[in-house]
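This is what each chain is made of:
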Amino acid sequence: MPTPHLITIPSPAAATGPAHDFDFLMGPWHIRNTRLVRRLAGCNDWEVFDATGCARPLPGGIGNCDDFTPLAWNAGFVGTSLRIYSPATQRWSIYWLDNATGGLDATGCLLPPVVGGFADGVGRFEGEELFEGRPVRVRFEWTGMHTSTPRWQQAFSDDAGATWEVNWVMEFTRPLRAP
């Protein structure tokens, strides 16, 4: 009988198509974070910290989720990304949930997702968000998906997408295994 804690990492050749765009992310990761200390404030100060994460598929191929646990930053903070794939639109919706906000609005509903997909080696997902009480555009970008070091970055725009400020970068590497 298989152990329920084991995660099967799909082989890149095993499945194709947009529903499998995030297969590269399945399994455990070490995550080096570089995060702007203050966003949309002309700040040039960055903090760097490490985290762990593990991505796993959702039942029935409807998407995937991951956990995010900083090792020494913002004690007790944890988060998760919930990625849902729509076969009808062939687009992904990505929701961010954490134990600080719950990822919920004042009515208890999930905050709006970023939505998009992959093209020409880049995953791009955009949406609207409230930041410090004002509306902003938010963009997630994935690059290096077919390498051993995928990269995610987040950017905000407070001018309807005319300019973007990158405010968080995550560089992923597989954790070293014990001998």
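Each value, and the rule that gives it
- Each residue is numbered by its place in its chain's sequence as written, counting from 1.
- Given that this is a predicted model, residues contribute local features only at a pLDDT of at least 70 and side-chain atom pairs are listed and counted only at 80 or more, while totals for whole chains, interfaces and linings are drawn from all residues.
- With hydrogens and water set aside, each side-chain value is computed from the structure's full complement of heavy atoms.
- In this description, strands pair whenever DSSP reports at least two bridges between them.
- We count a stretch as a helix when DSSP gives it H or I for four or more residues in a row; a strand needs E for two or more, and each element gets its number in order from the N terminus.
- To qualify as a nonpolar core, a set must consist of buried Ala, Val, Leu, Ile, Met, Phe, Trp, Tyr and Cys residues joined through side-chain atoms within 4.5 Å.
- Under the scheme applied here, a residue whose accessible area is under 20% of the maximum for its type counts as buried, over 50% as exposed, and between as partly exposed, the area being computed with a 1.4 Å probe on protein chains only.
- Contact definition: two residues touch when any of their heavy atoms are within 4.5 Å.
- A 1.4 Å probe that fits but cannot get out identifies a cavity on a 1 Å grid over protein atoms alone, an open set with protein on both sides within 12 Å along at least five of seven lines counts as a pocket, and a residue lines either if it has an atom within 4 Å of a point.
- Grid points are joined across faces, edges and corners, and a volume is the space filled by probe spheres set on the points.
- Amino acids are sorted into nonpolar (Ala, Val, Leu, Ile, Met, Phe, Trp, Tyr, Cys and Pro), charged (Asp, Glu, Lys and Arg) and polar (every other residue, Gly among them).
- Note on definitions: angles span 0 to 180 degrees between N-to-C directions of axes, and those axes are lines fitted to C-alpha atoms, for helices only across the stretch in contact.

**Q** Account for the pairing of strand E8 (residues 134–143), with residues named and values stated.
**A** Here strand E7 (residues 122–131) pairs with E8 via 9 bridges, running antiparallel. Each bridged residue has a counterpart across the sheet, and for Glu-128 the counterpart in E8 is Arg-137. Where E7 hands over to E8, the hairpin turn is made up of 2 residues, of which Glu-132 adopts a positive phi near 50 degrees. Of the strand pairs in this sheet, E8 and strand E9 (residues 151–157) are connected by 7 bridges, and their pairing is antiparallel. Directly across from Glu-141, in E9, lies its bridge partner Gln-153.

**Q** Lay out the nonpolar core in plain terms, naming residues and giving numbers.
**A** Of all hydrophobic cores here, the largest spans 29 residues; its most connected members are Phe-22, Leu-25, Phe-68, Phe-125, Trp-142 and Phe-172. Of all the secondary-structure elements, those providing two or more residues to this core are strand E1 (27–36), strand E2 (46–57), strand E5 (91–98), E7, E8, E9 and strand E10 (165–173). Per-element tally for this core: the top contributor is E8, with 4 residues. Residues within four places of Leu-25 in sequence aside, it is in contact with Ala-55, Asp-66, Arg-83, Trp-142, Phe-172 and Arg-174.

**Q** Residues and numbers for the pairing of E5, please.
**A** Bridge count for strand E4 (residues 79–86) against E5 is 8 bridges, and the pairing is antiparallel. Residue pairing in the sheet places Arg-83 in a bridge with Ile-94 of E5. Joining the antiparallel neighbours E4 and E5 is a turn of 4 residues, in which Gln-90 adopts a positive phi near 55 degrees. The pairing of E5 with strand E6 (residues 114–119) spans 3 bridges and is classified as antiparallel. Bridged to Ser-93 within E6 is Val-115.

**Q** Give a detailed account of the layout of surface pockets, specifying residues and quantitative values.
**A** If you add up the space inside the largest pocket, you get close to 870 Å³. Broken down by class, the residue content of the lining of the largest pocket amounts to 26 nonpolar, 6 polar and 8 charged.

**Q** Account for the sheet that holds strand E3 (residues 63–70), naming residues and giving values.
**A** With antiparallel pairing, the 10 strands of this closed barrel are ordered in space as E1-E2-E3-E4-E5-E6-E7-E8-E9-E10. Sheet twist, expressed as the average angle between the axes of neighbouring strands with direction ignored, equals 25 degrees. Both E6 and E7 contribute to a ladder of 5 bridges, which runs antiparallel. Paired with Ala-119 across the bridge in E7 is Val-122.

Purely geometric stuff here, so don't read any function into it on its own.
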